[in-house]
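Observations on chain architecture
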Amino acid sequence: QVQLVESGGGLVQPGGSLRLSCAASGTMFSGYAMGWYRQPPGKQRELVARITSGGSTNYADSAKGRFTISRDNAKNMVYLQMNSLKPEDTAVYYCASDRTRQLGYWGQGTQVTVSS
């Protein structure tokens, strides 16, 4: 069963913080790198942050120093802590594993809106 459920989005003022969560089915999570992606209005989806099964991370330049990706392998969860949010961070945020990307599967995403 393929399952990705993102949560934690919302409306936040510039400079604020949000923590996104993603629950994944075990077969789509265990042993795979996980990533957070976002799709701003009218733009293509882009990678924000990625974490391997061993915990190595990499970030888009726009996220470096502000966002932190983490995972809990025991719970099949991946998180994105977002600090110092900017209006340009407004987007629908999605999580995905390397496996779900191979399958072309995306969850429903969670909307993040940064506005005063």
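Scroll up to find the structure this text is about.
First things first, this report covers the structure right here in the doc. The shown structure was predicted, so the numbers you read here are calculated from the model rather than taken from an experiment.

Each value, and the rule that gives it
- Residues numbered from 1 in each chain as written.
- Predicted model: local features only at pLDDT ≥ 70, side-chain atom pairs only at ≥ 80, totals over all residues.
- Heavy atoms only, no water.
- Disulfide = S-S within 2.5 Å.
- Helix = DSSP H or I, 4+ residues; strand = E, 2+ residues; numbered from the N terminus.
- Pairing = 2+ DSSP bridges.
- Axes fitted to C-alpha atoms, helices over the stretch in contact; angles between N-to-C directions.
- Core = buried A, V, L, I, M, F, W, Y, C linked by side-chain atoms within 4.5 Å.
- Buried < 20%, exposed > 50% of the residue type's maximum accessible area, 1.4 Å probe, protein only.

The full count for this structure, using the stated rule, is one disulfide. Here cysteine 22 engages in a disulfide with cysteine 95; their sulfurs sit 1.8 Å apart. Between cysteine 22 and cysteine 95 the disulfide shows an S-S torsion of about 45°. By sign, it is right-handed. Highlighted residues: cysteine 22 in strand E3 (residues 18–24) and cysteine 95 in strand E9 (residues 91–97), separated in sequence by 73 residues.

This part takes up the sheet that holds strand E8 (residues 77–82). The strand order across the open sheet formed by four strands is E1-E3-E8-E7, and the pairing between neighbours is antiparallel. Edge strands, defined here as strands with exactly one partner in the open sheet, are strand E1 (4–7) and strand E7 (67–72). With direction set aside, neighbouring strand axes in the sheet form an average angle of 15°. Bridge count between E1 and E3: four bridges; the pairing is antiparallel. Counted as the bridge partner of glutamate 6 is cysteine 22 from E3.

What follows is about the nonpolar core. The biggest cluster of nonpolar side chains holds 24 residues, and the ones touching the most others in it are Trp36, Val48, Phe67, Val78, Leu80, Met82 and Tyr93. Elements with a contribution of two residues or more to this core: E3, strand E4 (34–39), strand E5 (46–51), E7, E8, E9 and strand E10 (110–114). The leading source of residues in this core is E3, at four residues.

Because side chains alternate across E7, one face comprises the buried residues Phe67, Ile69 and Arg71, and the other comprises Thr68, Ser70 and Asp72, none of which is buried. When E7 meets E8, the two strands line up antiparallel, connected through six bridges. Within the sheet, the bridge partner assigned to isoleucine 69 lies in E8 and is leucine 80. The antiparallel hairpin formed by E7 and E8 contains four residues in its connecting segment, where asparagine 76 sits at a positive phi of about 55°.

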